[in-house]
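A look at the structure
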Amino acid sequence: MQTLTPSGFLRIGASDLEYRMIGPSPEQAPTIVMLHEGLGSAALWGDFPEKLQAATGAGVFVYSRAGYGASTSVKLPRPLDYMHVEALDVLPKLLDAIGFRRGLLVGHSDGASIAAIYAGSHQDHRVQGMALIAPHFIVEDISVTSIAEIKTAYETTNLKEKLARWHKDVDNAFYGWNGAWLDPKFRTWDISEFLAYIRVPIAILQGVDDQYGTMRQVEIAREECYCPVDVTLIPGAGHQPHREAPGATLDAISEFANAVLRVDGSQGRAA
């Protein structure tokens, strides 16, 4: 375990992973660990982690997985089980490295899938709940179509330039994610088997206009999970409700976090 400064790098395996730690450290309060989307990074969460910290009183830890942000690049092409690798190998080491004691996982898109694989494969008493934003449990036609379209945009518009603000090796970040999802063999990717083994409450947040997934993902969670599943549909939001409807998304996640982490009602903060 290392002492966490407000920002820095963690050495996990062969990679240096950039991170931000907002609020109290894991030994002082519950910790919300945030796992970004397939083109995300620690910085791309914007000020949402700070707002979540203020609304819950918990510490909030955000990091960039290898291949993203300022973290170490990865070898391409990524293996098609890259989310399993993150959940089964990297995330357990990271939680131990930061001294995680109790709290929540908050994942978006790929990050939500990684969180689900982790919780379904580890009976980790420290994880008391999960908030999954636009999770993927299977590959849908709409996902592949949109991911093919964004590849065209990356190669023909200024999208690469925009993403380069957030990733030191933007091609590594983009093609690592895009190449895996567009591989024909990836169509059989399915993590629904992990859902039956999750033993903590789940909050799912789904933008009504999500261009990367449908309500089928929510239905799978309701069909497969034995744990409580609370679903919030967010009108006017697509695949990034925390950016497109930040108020509604923050309210839903913070209410869930405060309930799961047993808030002291007199203070409105996680005890």
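For every chain, the first residue of the written sequence is number 1, and numbering continues from 1 along that sequence. Owing to the predicted nature of the model, reporting of local features is limited to residues with pLDDT of at least 70; listing and counting of side-chain atom pairs is limited to 80 or more, with chain, interface and lining totals taken over all residues. Where side-chain values are given, they derive from all heavy atoms of the structure, hydrogens and water being excluded.

1. A short note on the layout of surface pockets
As defined here, a cavity is a set of points on a 1 Å grid over the protein atoms alone where a 1.4 Å probe fits but cannot get out. A pocket is an open set with protein on both sides within 12 Å along at least five of seven lines, and residues line them when an atom is within 4 Å of a point. Grid points are joined across faces, edges and corners, and a volume is the space filled by probe spheres set on the points. Each pocket or cavity is described by its volume, and for the largest pocket that value is around 460 Å³. Every residue lining the largest pocket is counted, 23 residues in all, and those nearest its centre are E37, L39, I150, L163 and Q240. Of all the elements in the fold, those that place two or more residues in the lining of the largest pocket are helix 4 (141-156), helix 5 (159-163), helix 6 (170-182) and helix 8 (241-244). Residue composition of the lining of the largest pocket, grouped by class: 10 nonpolar, 7 polar and 6 charged. Helix and strand assignments follow DSSP, with helices taken as H or I runs no shorter than four residues and strands as E runs no shorter than two, numbered in order from the N terminus. Any residue outside Ala, Val, Leu, Ile, Met, Phe, Trp, Tyr, Cys, Pro, Asp, Glu, Lys and Arg is labelled polar, Gly included; the first ten of those are nonpolar and the last four are charged.

2. Description of the nonpolar core
F61 and M130 are the most contacted members of the largest nonpolar core, which totals 65 residues. Looking at this core, the element that brings in the most residues is helix 2 (residues 82-97), giving 8 residues. Ranked by size, the runner-up nonpolar core spans 27 residues in total, among them M34, L52, V62 and V106. What is meant by a nonpolar core is a set of buried Ala, Val, Leu, Ile, Met, Phe, Trp, Tyr and Cys residues, joined one to another through side-chain atoms within 4.5 Å. Exposure is judged per residue with a 1.4 Å probe applied to protein chains only, and the accessible area is read against the type maximum: over 50% gives exposed, under 20% gives buried, and values in between give partly exposed.

3. Considering unusual backbone geometry
Glycine aside, a negative phi is what most residues show, and trans is what most peptide bonds show. Cis peptide bonds are those with omega within 30 degrees of zero, and the linkage from L76 to P77 qualifies with -5 degrees. Secondary-structure assignment places P77 in the loop between strand 4 (59-63) and helix 2. Unusually for a residue other than glycine, S109 sits at a positive phi of about 60 degrees. Looking at the element boundaries, S109 is found in the loop between strand 5 (103-108) and helix 3 (110-121). A positive phi angle, close to 50 degrees, is found at A134, a residue other than glycine. Along the chain, A134 falls in the loop between strand 6 (127-133) and helix 4.

4. Overview of the side chain of H167
Along the polypeptide, H167 turns up in the loop between helix 5 and helix 6. Between two residues, a contact is recorded if the distance between any of their heavy atoms is within 4.5 Å. Setting aside residues no more than four positions away along its own chain, H167 makes contact with L39, G40, S41, Y68, G69 and A173.

5. Comments concerning the sheet that holds strand 1 (residues 7-12)
At least two DSSP bridges between two strands are required for those strands to pair. With mixed pairing, the 8 strands of this open sheet are ordered in space as 1-2-4-3-5-6-7-8. Sheet topology places strand 1 and strand 8 (229-234) at the edges, where each strand pairs with a single neighbour. Averaged over all adjacent pairs, the angle separating strand axes in this sheet is 20 degrees, with direction ignored. Here strand 5 pairs with strand 6 via 6 bridges, running parallel. Bridging across to strand 6, L105 finds its partner in M130. In this description, a line fitted to the C-alpha atoms serves as the axis of each element, helices being fitted only across the stretch in contact, and the angle between N-to-C directions of two axes falls anywhere from 0 to 180 degrees.

6. Details of a nonpolar patch on the surface
Two distance rules govern patches: like charges are joined within 9 Å, and nonpolar side chains (Val, Leu, Ile, Met, Phe, Trp, Tyr) within 5 Å, applied only to residues with over 30% relative accessible area and no salt bridge. Note on areas: Shrake-Rupley, 1.4 Å probe, and residue coverage restricted to the protein chains presented here. Throughout this description, the term salt bridge denotes a Lys or Arg side-chain nitrogen within 4 Å of a carboxyl oxygen of Asp or Glu. Residues V208, M215 and L233 make up a contiguous nonpolar surface patch of about 240 Å² in total accessible area. A relative accessible area of 44% means that L233 is categorised as partly exposed.

7. Focus: empty space enclosed by the protein
What the rule picks out here adds up to 1 cavity of 30 Å³ or more. Considered as a void within the structure, the largest cavity measures approximately 50 Å³ in volume. Together, H36, E37, G40, S41, L44, W45, H108, Q240, H242 and R243 line the largest cavity.

8. Considerations on the pattern of salt bridges
Where charged atoms from two side chains of opposite charge approach closely, those side chains can pair. Scanning all chains against the criterion turns up 11 salt bridges. In this structure, D124 engages R126 in a salt bridge whose closest nitrogen and oxygen atoms are separated by 2.9 Å. Owing to a relative accessible area of 14%, R126 belongs among the buried residues under this scheme. Ionic pairing is found between K151 and E155, a salt bridge with its closest N-O pair at 3.4 Å.

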